[in-house]
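Descriptive structure summary
If you want the building blocks of each chain, they are given just below.
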Amino acid sequence: MIQSQNSSVEYTCKASSLNGLTSNGSIMVGNNALEYYNEKNVEDYIQIPWNEVDYISASVYGKRHIARWAVFTKENGHYTFSTEDNRATLRAIRNHVDPERMYRSKTFFQVLGAGFVELGRRISGLFHPARKSGEQE
């Protein structure tokens with residue numbers, strides 16, 4: 001059986017883990033860690049201690065709708081979740097993670113625009129190769 005890292009739980013709700021195959025379970029925000037437990041498979045769990053969290057990124061649509069959010073860790077990559085009430089979950093997490101380390105992820109159109117800008121830079125680089133230092137016209 002899995003042992004919880006938290007001695008007290010501050011917030012809990014139903015959630016989906018969007019890592020690989022989607023699984024349903026519960027998210028627990030506690031005093032020591034963020035924990036996800038699958039409701040059908042007890043061996044499927046995620047425990048992220050607060051000191052291991054690097055930053056949080058949320059996918060925000062419009063001005064207020066949060067579709068999903070991801071926890072980026074210092075060592076083990078990132079984990080993506082969606083809960084019944086993402087706003088309430090992120091508010092509970094904000095008590096443990098510095099609000100300066102919580103970001104909005106880029107929208108589809110921002111990513112598309114950045115791709116076009118980079119494509120333009122690469123194409124113009126074909127016609128205007130970079131000069132070596134010390135070289136003059």
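To be clear, the structure that these remarks concern was listed above.
Described in the following lines is the structure provided in the data block. (Residues numbered from 1 in each chain as written. Predicted model: local features only at pLDDT ≥ 70, side-chain atom pairs only at ≥ 80, totals over all residues. Heavy atoms only, no water.)

1. Notes on a nonpolar patch on the surface
- On the surface, a nonpolar cluster with roughly 960 Å² of combined accessible area is contributed by F108, F109, L112, F116, L119, I123, L126 and F127.
- Here F109 shows up in helix α2 (residues 108-127).
- The exposed category is assigned to F109, whose relative accessible area is 65%. (Patch = residues over 30% accessible without salt bridge, like charges linked within 9 Å, V, L, I, M, F, W, Y side chains within 5 Å. Areas by Shrake-Rupley, 256 points an atom, 1.4 Å probe, with all protein chains shown as cover. Salt bridge = Lys/Arg side-chain N within 4 Å of Asp/Glu carboxyl O. Helix = DSSP H or I, 4+ residues; strand = E, 2+ residues; numbered from the N terminus. Buried < 20%, exposed > 50% of the residue type's maximum accessible area, 1.4 Å probe, protein only.)

2. Digging into the side chain of N38
- Within the secondary structure layout, N38 lies in strand β3 (residues 33-38).
- A polar contact is formed between the side chain of N38 and the backbone nitrogen of K40, at a distance of 2.9 Å.
- Looking at N38, its side chain comes within polar contact range of the side chain of D44, at 2.9 Å.
- When neighbours within four sequence positions are excluded, N38 is seen to be in contact with S23, N24, G25 and D44. (Polar contact = N/O pair within 3.5 Å; in protein donor to acceptor, adjacent residues only side chain to side chain. Contact = heavy atoms within 4.5 Å.)

3. A look at the environment of S57
- Looking at the element boundaries, S57 is found in strand β5 (residues 53-61).
- With 11 residues separating them along the chain, S57 and R68 place their C-alpha atoms 8.8 Å apart.
- Ignoring anything within four residues of it in the chain, the contact list for S57 reads W69, A70, F72, Y103, R104 and S105.

4. Thoughts on helix α1 (residues 86-94)
- Buried within α1 are the following residues: N86, T89, L90, A92 and I93. Taken around the axis of α1, the buried residues stretch over an arc of 155°, which confines them to a single face. (Arc of directions from axis to C-beta.)

5. A look at the nonpolar core
- Formed by 20 residues in total, the largest nonpolar core has its most connected members in I27, L34, I56, W69, V71 and I93.
- Mapped onto this core, the elements with two or more residues apiece are β2 (23-30), β3, β4 (45-49), β5, β6 (65-73) and α1.
- In this structure V71 touches L34, I48, V53, Y55, I56, G77, H78, Y79 and F81, once residues within four positions along its chain are discounted. (Core = buried A, V, L, I, M, F, W, Y, C linked by side-chain atoms within 4.5 Å.)

6. Some remarks on the side chain of S23
- Looking at the element boundaries, S23 is found in strand β2.
- Polar contacts involving the side chain of S23 include one to the side chain of Y36, which spans 2.9 Å.
- A polar side-chain atom of S23 sits 3.2 Å from a polar atom in the side chain of D44.

On their own, these measurements won't tell you what the molecule is for.
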